[in-house]
Amino acid sequence: MLLVVGSSGLVGQSIVRCFREGGRPVCTASHGVDADLHLDLSSPDLELGDLRSRGIRYAIICSGISNVDRCAREQALTWEFNVERMMALIAGLQGQGVIPIFCSSDLVFAGDRGGYRETDRPTPATEYGRQKKAIEEFLASRGKPYGVLRMSKIYSAVPVKGSVVHETLTALRSGTVRAATDQVIVPTLADDLARTVMAIMDRGLSGVFHVSPHERYFRYDFVRRLADAAGIKDQVEACSLDDIAFLEPRPKNLWLNGDETAARTGVQPVEIASMLNAVVARATAPAAA
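Since this is a predicted model, take the numbers as computed values, not measurements.

Each value, and the rule that gives it
Residues numbered from 1 in each chain as written. Predicted model: local features only at pLDDT ≥ 70, side-chain atom pairs only at ≥ 80, totals over all residues. Heavy atoms only, no water. Phe/Tyr/Trp six-rings, centres within 6.5 Å; stacked < 30°, edge-to-face > 60°. Buried < 20%, exposed > 50% of the residue type's maximum accessible area, 1.4 Å probe, protein only. Core = buried A, V, L, I, M, F, W, Y, C linked by side-chain atoms within 4.5 Å. Helix = DSSP H or I, 4+ residues; strand = E, 2+ residues; numbered from the N terminus. Contact = heavy atoms within 4.5 Å. Salt bridge = Lys/Arg side-chain N within 4 Å of Asp/Glu carboxyl O.

(A) Representation of the packing of aromatic side chains in the model. This structure, assessed with the given rule, holds two aromatic pairs. Residues phenylalanine 109 and tyrosine 116 carry aromatic rings whose centres are separated by 4.2 Å and whose planes lie at 5 degrees to one another, so their mutual orientation is stacked. Phenylalanine 109 gets classed as buried once you look at its relative accessible area, which sits at 1%. Look at tyrosine 116 and you get buried, because its relative accessible area is 3%. When the centroid spacing of 5.5 Å and the interplanar angle of 50 degrees are considered together, the rings of tyrosine 217 and phenylalanine 222 count as tilted.

Listed below in structure tokens is the structure:
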């Protein structure tokens, strides 16, 4: 059975849904009231209970403080949660023989060239990336099976908070959106993360996995495609990424080469072009109701 830590977020919700639709048992863990297992990662007394008695053999960790500017602004606080608390969680899981699968990020790389492979050395340019890198190194140092999922801009096929498609459409409906003509993004379907986790479990795989389709866009072109598909006109303003005020400079080209992961797992990520109109239609329907 899979334990989903952070089951209320975009990635967690998608994994839970995909596993249940596939008839696979899954246990949810969150600080919310609706989860199977109440888990407050901010608590210094982390209590996991007896996971093996529940039949849990794997745990995917998709919880954390993911706001990049907040990590830069509140380094000590976010390091404590994203690194120290995660290390405690991982140690607790492995202490019960549960294999952790950690949701990392393309931001472990500098973003100066793109085409990063699983074996490339991480050189993060942001505090958030450094925190993710710290957990990756911790997992690799422990001599036990583990998984690291690196990913880019995640979207859902259904309207969910945090999806790059739905949040961009919401912003477009509210006014003009500035979009960089010099930043590469790779829209990645959350369901493909679930399929990759299934393959890791079924095939007994370990290591680092890049969940990334081949299709990539400059952010401006992607936002324009979303606006056109939704029938929203004259709401996209072109700019350079350098023109946008961030606490830390944002990397411009972080696309991940996922060919090795696709070969190992048998999962070929979906290209958003094949489902863009359907995704936009689902995202637009609730707003019109």
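Past the structure itself, the notes keep going.
(B) View of the nonpolar core. Membership of the largest hydrophobic core comes to 37 residues, with the highest contact counts inside it found for Leu3, Leu51, Leu89 and Leu93. Sorting the residues of this core by element identifies strand 1 (2-5), strand 2 (26-30), strand 4 (58-61), helix 2 (68-73), helix 3 (75-95) and helix 4 (127-141) as the ones contributing at least two each. Among the elements that line this core, the one with the most residues is helix 3, at six residues. Ignoring anything within four residues of it in the chain, the contact list for leucine 3 reads Cys27, Thr28, Ala29, Leu37, Leu51, Ile56, Tyr58, Ala59, Ile60 and Leu93. Residues Val4, Val160, Leu193 and Val211 belong to the second largest nonpolar core, which totals 29 residues.

(C) Fine view of the pattern of salt bridges. Throughout the structure, instances matching the rule amount to 15 salt bridges. Two residues, aspartate 192 and arginine 195, come together in a salt bridge whose shortest N-O distance is 2.7 Å. Taken together, the positions of aspartate 192 and arginine 195, both in helix 6 (residues 190-203) and three residues apart, correspond to about one turn of that helix. Look at aspartate 192 and you get buried, because its relative accessible area is 1%. Among the ionic pairs, lysine 252 bridges to aspartate 242, the shortest N-O distance being 2.9 Å. Of this pair, lysine 252 sits in the loop between strand 13 (236-239) and helix 8 (259-265) while aspartate 242 sits in the loop between strand 13 and helix 8, and the two are ten residues apart along the sequence. Judged by relative accessible area, lysine 252 falls into the partly exposed class, the value being 27%.

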